[in-house]
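# Examination of the molecular architecture
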Amino acid sequence: WKQNKLPRRKLKNGERWQLQGDPLTDSIGLVYAEQVGKLIEKELSLTHTVLKRCKKGCYMDWHRNRWECEYTVAIQISDNNWPIGFANKGQEGSNPAIMGLQEETALILTPLQGDAVIFNGAETHHGRRGLKEDACTTLMLYYVEKDSFLDTKDSRKNYGDNYKTRVRPNGNVWEIDA
């Protein structure tokens, strides 16, 4: 992290480093696909993985994942806490639980190091308040139902390729310079 070998992103919601579709993260996602599938009673395929380290002040606004990231596993890697909030059905608006308003209407979970939070990220609004710790590392694993329309490795030819073989809709392969 300190050697700046990972892509760093400065966004309006904070600074973070992230590793996407790496051989390590994709291997972990592939190993756990069957176990996660048993828990939610569906046969799953891995689409996308991200190992990210967020700096103090980062937040995740209220959102739902794209459908290629339907089933989400958020694994707390670091030993500091960063609660994740989930909206109750029918709750809309600009992230009330995360920004500190109407907290009683949302479910807030605080995973400890090694804990995994499994949920349907495409259907459930979720987000995180501003990070109070210096940094937090999380591994995100994303799955879809096996053999479904979205079972495409997130449009990549291979797992573990750092998204260098992502396929365009017209079939051309293009390189990502990350």
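It should be noted that the structure appears before, not after, this text.
To start, this report covers the structure provided alongside it. (Residues numbered from 1 in each chain as written. Predicted model: local features only at pLDDT ≥ 70, side-chain atom pairs only at ≥ 80, totals over all residues. Heavy atoms only, no water.)

## Some words on the overall build of the protein
Secondary structure assignment for the protein yields one helix and 10 strands. Residue burial in the protein is summarised as follows: out of 178 residues, 43% are buried. (Helix = DSSP H or I, 4+ residues; strand = E, 2+ residues; numbered from the N terminus. Buried < 20%, exposed > 50% of the residue type's maximum accessible area, 1.4 Å probe, protein only.)

## Focus on the environment of Asn 81
Inspection of the secondary structure assignment puts Asn 81 in the loop between strand E5 (71–76) and strand E6 (84–87). Expressed as a C-alpha distance, the spacing of Asn 81 and Leu 109, which sit 28 residues apart in the sequence, is 10.0 Å. Apart from the residues lying within four places of it in its own chain, the contact partners of Asn 81 are Thr 110, Pro 111, Leu 112, Leu 131 and Glu 133. (Contact = heavy atoms within 4.5 Å.)

## Focus on the packing of aromatic side chains
Going through the model one piece at a time under the given rule, you end up with one aromatic pair. Ring plane angle 75 degrees and centroid distance 4.8 Å describe the contact between Phe 86 and Phe 119, whose orientation is recorded as edge-to-face. Here Phe 86, found in strand E6, pairs with Phe 119, found in strand E8 (residues 116–120); they are 33 residues apart in sequence, far enough to count as distant. Summarising the burial analysis for this pair, Phe 86 and Phe 119 share the class buried. Above the face of the Trp 82 ring, Arg 128 is positioned so that its terminal group lies 4.9 Å from the ring centre. (Phe/Tyr/Trp six-rings, centres within 6.5 Å; stacked < 30°, edge-to-face > 60°. Lys NZ or Arg CZ within 6 Å of the ring centre and 35° of its normal.)

## Some details on the side chain of His 126
Tracing the sequence through the fold places His 126 in strand E9 (residues 126–128). We classify His 126 as buried; its relative accessible area is 3%. Within the local environment of His 126, its side chain forms a polar contact with the side chain of Asn 65, the two groups lying 3.2 Å apart. (Polar contact = N/O pair within 3.5 Å; in protein donor to acceptor, adjacent residues only side chain to side chain.)

## Examining the pairing of E5
Burial runs high along E5: six of the six residues are buried. Of the two faces of E5, the one holding Tyr 71, Val 73 and Ile 75 and the one holding Thr 72, Ala 74 and Gln 76 are both buried throughout. Bridge count between E5 and E8: five bridges; the pairing is antiparallel. Opposite Tyr 71, over in E8, you have Asn 120 as the bridge partner. Relative to strand E10 (residues 135–145), E5 runs antiparallel, the two sharing six bridges. Paired with Ala 74 across the bridge in E10 is Met 140. (Pairing = 2+ DSSP bridges.)

## Looking at the environment of Cys 69
Within the secondary structure, Cys 69 sits in the loop between strand E4 (60–63) and E5. Sequence-wise, Cys 69 and Met 140 are 71 residues apart; in three dimensions their C-alpha atoms are separated by 9.8 Å.

## Focus: the nonpolar core
Counting residues in hydrophobic clusters, the biggest one holds 12 residues: Leu 19, Ala 33, Val 36, Leu 44, Leu 46, Leu 51, Tyr 71, Val 73, Ile 75, Leu 139, Leu 141 and Tyr 143. Secondary structure elements with two or more residues in this core: helix H1 (23–40), strand E3 (44–55), E5 and E10. Excluding residues within four positions of it along the chain, Leu 141 makes contact with Thr 25, Ile 28, Gly 29, His 48, Thr 49, Tyr 71, Thr 72, Val 73 and Ile 75. (Core = buried A, V, L, I, M, F, W, Y, C linked by side-chain atoms within 4.5 Å.)

## Things to note about the pattern of salt bridges
Applying the stated criterion to the full structure yields four salt bridges. In this structure, Lys 55 and Glu 15 form a salt bridge, with 3.6 Å as the shortest nitrogen-oxygen distance. Of the two residues, Lys 55 sits in strand E3 while Glu 15 sits in strand E2 (residues 14–20), which places them 40 residues apart along the sequence. Of the charged contacts, one joins Glu 34 and Lys 38 as a salt bridge, the two residues approaching to 3.6 Å between their closest N and O atoms. Residue Glu 34 and its partner Lys 38 are both found in helix H1; the two are separated by four residues, about one turn of the helix. Each of the two residues, Glu 34 as well as Lys 38, counts as exposed. (Salt bridge = Lys/Arg side-chain N within 4 Å of Asp/Glu carboxyl O.)

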